[in-house]
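Reading the structure
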Amino acid sequence: MHLTQQDQKLDIVLRNQGAKDSTFEISDGSNDPEKIGIAEPRADSLEEGLDPRPDGNLIYSINDRPPWYLCILLGFQHYILAFGGILAIPLILAEPLCIKENNAAKSQLISTIFFVSGLCTLLQTTVGTRLPILQGGTFTFITPTLAILALPKWRCPDMSATVQTNTTDPAAPLVDGDEVWKVRIREIQGAILVASMLQLVLGLSGLVGLVLRFIGPLAIAPTINLIGLSLFIQAGQKSGAHWGIAALTVCLILLFSQYLSKVNLPLIAYKDKKWKVFQYPLFKLFSALFGMCGAWLVCFLLTYFNALPSSPNEYGYMARTDINLNAVKSAAWFYVPYPGQWGLPTVSLSSVLGMMAGVLASTMESIGDYYACARLSGAPPPPTHAINRGIAVEGVGCILAALWGSGNGTTSYSQNIAALGITRVGSRLVLQTAGLLMIILGLFGKFSAVFITIPDPVIGGMFLIMFGMVAAVGISNLQYVDLNSSRNLLILGLSTFSGLVLPTWFHSNPGMINTGIKELDQLIMILFTTHMFIGGFFGFVLDNTIPGTEEERGIKSWRKIDKGSQIHITDQSCYNLPFCTNFIQRFKLLRYLPFLPSLESQELGTHL
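Criteria and cut-off values
Residues numbered from 1 in each chain as written. Predicted model: local features only at pLDDT ≥ 70, side-chain atom pairs only at ≥ 80, totals over all residues. Heavy atoms only, no water. Phe/Tyr/Trp six-rings, centres within 6.5 Å; stacked < 30°, edge-to-face > 60°. Helix = DSSP H or I, 4+ residues; strand = E, 2+ residues; numbered from the N terminus. Buried < 20%, exposed > 50% of the residue type's maximum accessible area, 1.4 Å probe, protein only. Lys NZ or Arg CZ within 6 Å of the ring centre and 35° of its normal. Axes fitted to C-alpha atoms, helices over the stretch in contact; angles between N-to-C directions. Left-handed = near helix turned anticlockwise from the far one by under 90°. Contact = heavy atoms within 4.5 Å. Salt bridge = Lys/Arg side-chain N within 4 Å of Asp/Glu carboxyl O. Disulfide = S-S within 2.5 Å.

A separate point is the packing of aromatic side chains. Taken as a whole, this structure holds 18 aromatic pairs when the rule is applied. Considering the side-chain rings of Phe139 and Phe467, the 5.5 Å spacing of their centres and the 90° angle between planes classify their relative orientation as edge-to-face. One end of the pair, Phe139, is in the loop between strand 1 (135-136) and helix 5 (142-149); the other, Phe467, is in helix 20 (residues 456-476), and 328 residues separate them in sequence. Comparing Phe139 with Phe467 shows no difference in burial state: the two are buried. Three or more aromatic residues joined by ring pairs form one cluster here, namely Phe76, Tyr79 and Phe114. Between Lys446 and the ring centre of Trp333, over which it is positioned, the NZ or CZ distance is 5.1 Å.

Across the interface, helix 11 (residues 243-259) lies against helix 13 (residues 287-304) with an axial gap of 8 Å and an inter-helix angle of 145°. Handedness of the crossing formed by helix 11 with helix 13: right-handed. On the side of helix 11, the interface is formed by Ile245, Leu248, Thr249, Leu252, Ile253, Phe256 and Ser257, while helix 13 contributes Ser287, Ala288, Phe290, Gly291, Gly294, Ala295, Val298, Cys299 and Leu302.

Quick look at the pattern of salt bridges now. On inspection of all chains with the given rule, the structure shows five salt bridges. Linking Asp322 and Arg320 is a salt bridge whose minimum nitrogen-to-oxygen distance equals 3.0 Å. On the basis of relative accessible area, Asp322 is assigned to the partly exposed category, the value being 33%. Residues joined in a network through salt bridges with shared partners are Arg487, Asp543 and Arg553.

All right, on to the state of the cysteines then. The tally for this structure, following the rule as stated, stands at one disulfide. The residue that forms a disulfide with Cys98 is Cys156, at a sulfur-sulfur distance of 2.0 Å. Taking the torsion about the S-S bond as the criterion, the Cys98 to Cys156 disulfide, at about -100°, is left-handed. Residue Cys98 is found in the loop between helix 3 (68-93) and helix 4 (103-127), and its partner Cys156 is found in the loop between helix 5 and helix 6 (159-168); the two are separated by 58 residues along the sequence. By relative accessible area, Cys156 is classed as partly exposed at 37%.

Shown next, in the form of structure tokens:
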């Protein structure tokens, strides 16, 4: 998900709302050409705070402080928008982690990933880029994680056979059910912990611009595309539990997100001692939530009237909502995630190198989100030091996620950025409130356990939409490339097809790799079964070695759009670290650190 593609997508969101980005009022030359006029916040009520204005001005810009009740309401909205993406990750990892039937472990993982996402959101909005941007779990880490857990040593044991062996042989060692999955998540923790050091180094050293200089659309398109395509098995398995319910989920999400996206519902607000009615795009903002809850409700009604099979061996049984009710009953009311809760992370070279592919993909995705978020929050384009610090803080966030054991890292969430353009509220305080809500709700064990009762086909329908969108976003980067060029078609076709063929072959022939060095065998298996690594590697190497003009490769259009989308202004104080400005100005040597404001801040767009 590259920054120009993301910017363009969010421009469409703004145009659909009949707005233009007039937060920055550039004079016609008679006055100071660099002068910026940000609209004063006038919203004293819920109605005004959520009603888009005809002139497109922000109701609240990045440094403004909305009323507390509006912060809570809009913060909860951001939580809901990120809900589906964050929840999907522990549900995807449940089976390869061997906790498919362990509801308590799934509940704890859900609590942990929401808790860590809230913590990382607070870090990013306070000491990172300081943009109103939400942090959450990332699909870019899913593919290498599945590749690691697919190794023969991490495949789930047959618990029924183990129980039978222990019953007949008293001398056989007992297998701890919790230890079976904890040893696997500790391996993932260690891989994310060490691999995230790369992201931290890229940010603190300022090497982000140098790395991105060699990455173009032909490297990004197959990488992001293969993230979505590689997860088709998980989507098929979940949806196949009941294709009717899965299709219903897809139809409801399409209904709310597309067919009813321009339908605003009347809501009531109290102002000036009287009730007022205002229009609000409820379907557009909560389409995924409404679609999932609608299908969930249908499954509940079918279960209540006993219209679904009651035998686990019959097709459609997994659509019942009473299968995992014991998870809610047995879950603790409060659960506090803490570092090292699954034990000490284990580190292996092969797992770390495989996870680095996810780290680089996540870095590319986040940089685009920073630019888009700045435009929609009334902030100037992010300078180099803010980009570097944001990437470094994301590395810190991934390290914290590894220490807490969420089974994943963190990255910036694009759908939450789109919400800034719809609500016209770009306040940093709103996202900090959302981070606090995620932390607080992550502490309620029963709240997290409720989500385990979502039937598999409902989750499968959500996966069909979600993973399809990820694949489509990757393909959309090709809009900048000359697709009439045989060079580009060759690079795209070979990188994408290789990213599908090689992992499939290596999965089917795990015993073919035998170098005599066990660690090297594992490294080859992880790298060559990670779809996004294969596609991205071939795309990167071929695009930078096969002769081609910048216009043909799409680099020229890419840079042109990046620069054209930026409005150069003088005031970048919103990116300065809190409580540190005077200290940095006192010691001028600190200004030369790439993650602190320099004497002459250059924008990242000049490095691309």
